[in-house]
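Descriptive structure summary
Here's the letter readout for the chains.
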Amino acid sequence: MVSRDTRYPKESRWSLLTAQDGDQPLVVRRNDSASELIGSAQYRTRVGVASPFKQPTENGMPEREESDQLYEIEDTLRTRLEADELALLVLTITGGNVKELVFYTRDRDKAGLTIDALRSEVTSHEVQNYLEDDPDWVVYREFCEQDTQ
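The sections below set out a description of the structure shown in this document. Here the structure is a predicted model, which means the values were calculated and not measured.

Our focus in this paragraph is helix H2 (residues 108-121). Under the 1.5 Å per step criterion, the end-to-end length of H2 is 20 Å for 14 residues, consistent within 8% with the ideal 20 Å. Every buried residue of H2 is accounted for by Ala-111, Gly-112, Thr-114, Ile-115 and Leu-118. Taken down its axis, H2 places every buried residue within 160 degrees of arc, on the same side. Exposed residues on H2 whose side chains face more than 90 degrees from its buried face are Asp-109, Leu-113 and Ser-120. Contacts from the buried residues of H2 go to strand S3 (45-52), helix H1 (64-82), strand S5 (98-105) and strand S6 (128-133).

So this is what it looks like as structure tokens:
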């Protein structure tokens, strides 16, 4: 469980942001409740999980059926990583022919094992990931500077 110096959000409030990456749109969902964990002594590792699109549209977004498959991957991974407050999903970034999920975790090794297990189960898409020290939550903060759409 989370120590007293942090407040793992029991429910998440989300904002929807839009941006451009060159000539292609990006759709970002930001977990505004995650800001309660910024500066936490525990949640210092950023976890990125990306799935490239198999058949992106001309503007780099997924078709409906593929989008549904990606949401299924997101839901499964979120359920597993957020169990016992292991990690918190803070951003989803869709566009540029890929969907990326950004979490912050308190246990780098356990998060990595959880993703490896999911990777072996997913047949619809490739599941790529990285784990990186980010005690200042640099990536999340970048999207906090964006205006809500």
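Now for the sheet that holds strand S4 (residues 87-95). Across the sheet, six strands lie side by side as S1-S2-S4-S5-S3-S6; this open sheet has antiparallel pairing. Here the strands that pair on one side only, and so sit at the sheet edges, are strand S1 (14-21) and S6. With direction set aside, neighbouring strand axes in the sheet form an average angle of 20 degrees. In terms of strand pairing, strand S2 (residues 24-31) meets S4 through five bridges, oriented antiparallel. Looking at the pairing, Arg-29 lines up with Thr-92 of S4. Of the strands in this sheet, S1, S2, S3, S4 and S5 are in contact with H1, which crosses S5 at around 10 degrees.

The next point concerns the packing of aromatic side chains. Applying the stated rule across the entire model yields three aromatic pairs. Ring plane angle 5 degrees and centroid distance 4.0 Å describe the contact between Tyr-104 and Trp-137, whose orientation is recorded as stacked. One end of the pair, Tyr-104, is in strand S5; the other, Trp-137, is in the loop between S6 and helix H3 (138-144), with 33 residues separating them in the sequence. Of the two residues, Tyr-104 and Trp-137, both sit in the buried class. Judged by relative accessible area, which is 0%, Trp-137 ranks as buried. Each residue in the set Tyr-104, Trp-137 and Tyr-140 is aromatic and connected to the rest through ring pairs, giving one cluster. Directly above the aromatic system of Trp-14 lies the positively charged group of Arg-29, at a separation of 5.7 Å from the ring centroid.

Cut-off values and rules
- Residues numbered from 1 in each chain as written.
- Predicted model: local features only at pLDDT ≥ 70, side-chain atom pairs only at ≥ 80, totals over all residues.
- Heavy atoms only, no water.
- Helix = DSSP H or I, 4+ residues; strand = E, 2+ residues; numbered from the N terminus.
- Expected span 1.5 Å × (residues − 1).
- Buried < 20%, exposed > 50% of the residue type's maximum accessible area, 1.4 Å probe, protein only.
- Arc of directions from axis to C-beta.
- Contact = heavy atoms within 4.5 Å.
- Pairing = 2+ DSSP bridges.
- Axes fitted to C-alpha atoms, helices over the stretch in contact; angles between N-to-C directions.
- Phe/Tyr/Trp six-rings, centres within 6.5 Å; stacked < 30°, edge-to-face > 60°.
- Lys NZ or Arg CZ within 6 Å of the ring centre and 35° of its normal.

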